[in-house]
Amino acid sequence: MNKMQRIYLSPPHMSGNEIKFVQEAFDSNWIAPLGPNVDGFEKEICQYVQVNHGLALSSGTSGIHLALRYFGVGPGDYVFCSSLTFSGSCNPIKYQFANPVFIDSEPDTWNMSPKALVEAFEWAKKTCNMPKAVIIVDLYGQSADYDSLLQICNHYGVPVIEDAAEAIGSTFKGKKCGSFGNVGIFSFNGNKIMTTSGGGMVVTNDEDMINKMRFWSTQAREATRHYEHRDFGYNYRMSNICAGIGLGQLMVLDDHILLRKAIRQRYIEELKDLPVKFMPISDAGKPNYWLTVITLDEDSSLSTEEIIDALEASNIESRPVWKPMHLQPIFKECPFFPHLDNKKSVGEELFKRGICLPTGSAMTNNELERVIDSLKKIFNRVKI
Ligand SMILES: *Cc1c(COP(=O)(O)O)cnc(C)c1O
């Protein structure tokens, strides 16, 4: 085997079961959208997450879009959203011509800061800009602090969209992520902990919500023989082929979580003498360990860029932590509420010092050693 074969951050990890469901779809000619794999996948995700209804979609982003539309978000409305996240969390706010308001992270889980959220709500109350919804992200597979966050959102009477795109299988106080918001969203994009080669799902206990979303996601076709439209919709549904991949992936999700947990543990043991820390994990929950994320100590003589470049030279993929949305050129005019009083943002600091390391569940021992050795060498070079 080529020693310098590329090591990816989080590549797909097939179990062998996926192809059986896909083959069944071919054998029965259920190639078209919808079909028995889609129904089965929705049912099994609901059972796994312990919610009543699921709707399989072509992406996680489309799920957030449908949720915003359901909550009546329209032109000029405000929507609160975690700042430290992927743009898929907040782009749908723009699809509805609404205004994002970004909320900083707290340092304990890197998720939405309850303190900053309260400040944002107080600002909204004073300026009559009450949001129509709050999008709370479960970052890198770790649950946000729903005890505090839901209490605050309930107090102000605003519904919660839980962006659990990265957090399928994670729990908070024994309950699965995705089940905390009025609606939860999962992503099955190629680099997530489980993949359908591209896809997503919304889950909720609200039957009216799921029915409206199903209607909009299939071009808003009325239940008539001819094509009748009283509303406009989208082509957002998952195909029966993709759902087959999802059924196979779900069978091994819990095993893959354990593999990723072991990879993180190994990094912790091996990198303990380097000037780095690991993303903290709260006692309140169990993450799915999607990515192992380190932060460089403040006095580190290396920058994240230098480390990522050096790993790249060994053909190892790593990434900076998400660049917070309030720092993105497209969103720079949007209001932002920091966690700290001195207006420094926790998210910005994490972006400056954070690096996501390869954490794929299919990573071999040799590959893991290659990443660890490379990291040790990079840091030792500077010492000399
Ligand atoms: C991946 C991701 C999304 C978007 O999901 P897609 O399936 O790629 O549309 C949204 N939010 C977060 C936090 C993500 O990581």
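For every chain, the first residue of its written sequence is number 1, and the numbers climb from 1 along that sequence. Totals for whole chains, interfaces and linings use every residue, but because this is a predicted model, local features are given only for residues with pLDDT of at least 70 and side-chain atom pairs only at 80 or more, for both listing and counting. To get the side-chain values, all heavy atoms of the structure are used, and hydrogens and water are removed first.

So, about the pattern of salt bridges. When the charged atoms of two side chains lie near each other, side chains of opposite charge can form a pair. We define a salt bridge as a contact between a side-chain nitrogen of Lys or Arg and a carboxyl oxygen of Asp or Glu at a distance within 4 Å. Counting across every chain of the model gives 15 salt bridges. Its salt-bridge partner being R237, residue E42 comes within 2.7 Å of it at the nearest N-O pair. Placement of E42 in helix α2 (residues 36–49) and of R237 in the loop between α7 (207–217) and α8 (240–270) is noted, with a sequence separation of 195 residues between them. Relative accessible area decides the class of each residue, using a 1.4 Å probe on protein chains only: under 20% of the type maximum gives buried, over 50% gives exposed, and in between gives partly exposed. On the accessibility criterion, E42 (8% relative accessible area) is buried. K277 is the partner of D297 in a salt bridge, and the nearest nitrogen-oxygen pair spans 2.9 Å. Here K277 lies in strand β10 (residues 276–278) and D297 lies in the loop between β12 (292–296) and α9 (304–313), a separation of 20 residues in the sequence. One network of salt bridges, in which partners are shared, links R266, E270, E369 and K376. Secondary structure counts use DSSP, requiring at least four H or I residues in a row for a helix and at least two E residues in a row for a strand, with both numbered from the N terminus.

The strand order across the open sheet formed by 3 strands is β7-β6-β11, and the pairing between neighbours is antiparallel. Of all the strands in the sheet, just β7 (175–176) and β11 (285–286) have a single pairing partner and so form its edges. The criterion for strand pairing is that DSSP finds at least two bridges linking the strands in question. With 2 bridges connecting them, strand β6 (residues 171–172) and β11 associate as antiparallel partners. For F172, the partnering residue across the bridge sits in β11 and is G285.

Let us look at the site of the ligand. Any residue with a non-hydrogen atom lying within 4 Å of a molecule or strand is treated as near it. For the ligand, the set of nearby residues contains 15 residues, the closest of which are T61, D163, E166, S187 and K192. Throughout this description, a polar contact denotes any pair of N or O atoms lying within 3.5 Å of each other; where both atoms belong to protein, one of them has to be capable of donating a hydrogen while the other can accept it, and for residues adjacent in sequence the pair is counted only when both atoms sit in side chains. Taking G60, its main chain carries an N or O atom lying 2.8 Å from an oxygen atom of the ligand. In the environment of the ligand, an oxygen atom lies 2.5 Å from a nitrogen or oxygen atom belonging to the side chain of T61. Where accessible areas are quoted, they stem from the Shrake-Rupley method and a 1.4 Å probe; at the residue level, only the protein chains shown are allowed to cover. Taken by itself the ligand offers 380 Å² of open surface, and the protein chains cover 94% of this. Residues are grouped as follows: Ala, Val, Leu, Ile, Met, Phe, Trp, Tyr, Cys and Pro are nonpolar; Asp, Glu, Lys and Arg are charged; every other residue, Gly included, is polar. Here the residues of the shell around the ligand sort into 3 nonpolar, 9 polar and 3 charged.

Let us now look at the domain arrangement of the protein. Start and end positions for the domains come from either an automated domain assignment or a database one. Along its sequence, the protein is carved into domain 1 (18–250) and domain 2 (253–380). Computed over C-alpha atoms only, the centres of domain 1 and domain 2 are separated by 25 Å. Carbon and sulfur atoms make up 64% of the area that domain 1 and domain 2 hide from each other, which totals about 3800 Å². The largest per-residue losses of area from domain 1 upon contact with domain 2 belong to W110, Y140 and I193, which jointly make up 23% of the total buried on that side. Viewed at the interface, domain 2 and domain 1 are joined by 0 salt bridges. Taken together, domain 1 and domain 2 are joined by 24 residue pairs in polar contact (both at pLDDT 80 or more). Elements supplying a minimum of two residues to the side of domain 1 that touches domain 2: α4 (91–95), β3 (99–103), α5 (114–127), β6 and α8. Broken down by element, the side of domain 1 that touches domain 2 gets its largest block of residues, 5 residues, from α5. Of the residues belonging to the side of domain 1 that touches domain 2, the class tally is 21 nonpolar, 14 polar and 9 charged. What gets called buried area is simply the loss in accessible area from a 1.4 Å probe that two parts show on being joined, summed for both.

This part covers the environment of C46. With respect to the secondary-structure elements, C46 resides in helix α2. Considered as a pair, C46 and V203 are 157 residues apart in the sequence and their alpha carbons are 7.1 Å apart. Whether two residues are in contact is decided by their heavy atoms: any pair within 4.5 Å suffices. Excluding residues within four positions of it along the chain, C46 makes contact with V51, N52, H53 and G54.

It is worth spelling out unusual backbone geometry at this point. Positive phi is not limited to glycine here, since Q219 has a value of about 65°. Positionally, Q219 belongs in the loop between α7 and α8. The phi dihedral of A220 falls on the positive side, at around 55°, and the residue is not glycine. Following the sequence through the fold, A220 ends up in the loop between α7 and α8. Assessed through its relative accessible area of 0%, A220 is described here as buried.

What follows concerns the nonpolar core. Joining through side-chain atoms within 4.5 Å is the link that ties buried Ala, Val, Leu, Ile, Met, Phe, Trp, Tyr and Cys residues into a set, and such a set is a nonpolar core. Among the nonpolar cores identified, the biggest contains 40 residues, and F41, I45, W110, Y140, I168 and F188 are the most heavily contacted of them. Contributing elements (two or more residues each) for this core: α2, β9 (200–204), α8 and α10 (346–353). Composition of this core by domain shows at least three residues from each of domain 1 (18–250) and domain 2 (253–380). Among residues more than four places away in sequence, those in contact with W110 are L84, S105, L139, Y140, M279, P280, V293, T295, V321 and L350. In this structure, A67, Y70, C90 and M209 belong to the second largest nonpolar core, which totals 30 residues.

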